[in-house]
Amino acid sequence: MRLRGCTKSFEGGTVLRFPELTLEPGQIYAAVGANGSGKSTFARLAAGVLPADQGVRVLEGVDVGYMPQKSYAFRMSTRANVLLSGGDAARAEKLMRALGLSELSGRRASRLSGGETAKMALARVLMRSHDLLILDEPTASMDMESAMLTEELVETCRRETGCAVLLITHDLQQARRMADLALFFCRGELWESGEASKVLYEPERAETRRFLDFYGGNALACFD
């Protein structure tokens, strides 16, 4: 699937510029970079919830499942929230069981914790199969056990459906565990991309190396 190269500007300033990209089915792509580097804007453009400059659509003719960075819980039960995107009750039960949500099925979703809400939102997205699954910081509010369940479920979905996965993450260890390919964003541009084993361990660009060196801190080098 081909993503058109384009730019995105807000209030007259360009916040993201990236070239044409091709995402291959069955591959997991991890987009990494410091806060403000353009990762989430890239996700929203690819998901079609945000138009590029001049109203350009980045991706067309592709069924996209999108989990935004901030998950939303409607004022109904957890189970009812999961069922909102379609699919049958049996699949909803299977997904909630895989994510450790079965005991929360009847609880009002607005009373869930941040991590529980994120798991519910992921289950809601996975109720249907998609050509491309875009997950923006899906485990940021989860504890370790929940993050592991999420990673396992995403991997299972990729394997069973053959979908491409675009994972936006600040967690380099997660990117290294999951990704086949990596995209490094800095200063609103895609600075390096390629095999995850190369980009996340032996990058070509000095900026990528500096980010990897500082990943446990604030990665301020990308803002200089």
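Scroll up for the structure.
Predicted, not measured: the structure shown is a model, and the values here were computed from it.

What counts as what
- Residues numbered from 1 in each chain as written.
- Predicted model: local features only at pLDDT ≥ 70, side-chain atom pairs only at ≥ 80, totals over all residues.
- Heavy atoms only, no water.
- Salt bridge = Lys/Arg side-chain N within 4 Å of Asp/Glu carboxyl O.
- Helix = DSSP H or I, 4+ residues; strand = E, 2+ residues; numbered from the N terminus.
- Buried < 20%, exposed > 50% of the residue type's maximum accessible area, 1.4 Å probe, protein only.
- Core = buried A, V, L, I, M, F, W, Y, C linked by side-chain atoms within 4.5 Å.

Enquirer: Please clarify how the pattern of salt bridges should be interpreted in this entry.
Expert: For side chains of opposite charge, pairing can occur when their charged atoms come near one another. Scanning all chains against the criterion turns up 10 salt bridges. Put simply, Glu20 and Arg2 hold a salt bridge, and the shortest N to O gap is 3.3 Å. Of this pair, Glu20 sits in the loop between strand 3 (13-18) and strand 4 (21-22) while Arg2 sits in strand 1 (residues 2-3); the two residues are 18 residues apart in sequence, bridging distant segments of the chain. Judged by relative accessible area, Glu20 falls into the partly exposed class, the value being 49%. As a salt-bridge pair, Glu151 and Arg177 come within 2.6 Å of each other at their nearest N and O atoms. Taken together, the positions of Glu151 in helix 5 (residues 144-161) and Arg177 in helix 6 (residues 172-178) put the pair 26 residues apart, joining distant regions of the chain. Overall, Arg177 belongs to the exposed group, its relative accessible area being 52%.

Enquirer: What should I look at first to understand the nonpolar core in this one?
Expert: Taken as a class, soluble globular proteins show a tendency for nonpolar side chains to be buried jointly. One finds Leu133 and Leu135 to be the most contacted residues of the largest nonpolar core, which totals 30 residues. Breaking this core down by element, the ones donating at least two residues are helix 3 (89-98), helix 4 (114-125), strand 7 (132-136), helix 5 and strand 8 (164-168). For this core, the element with the highest residue contribution is helix 4, accounting for 6 residues. If you look at the next biggest cluster of nonpolar residues, it comprises 26 residues, including Ala31, Ala47, Ala52 and Leu183.

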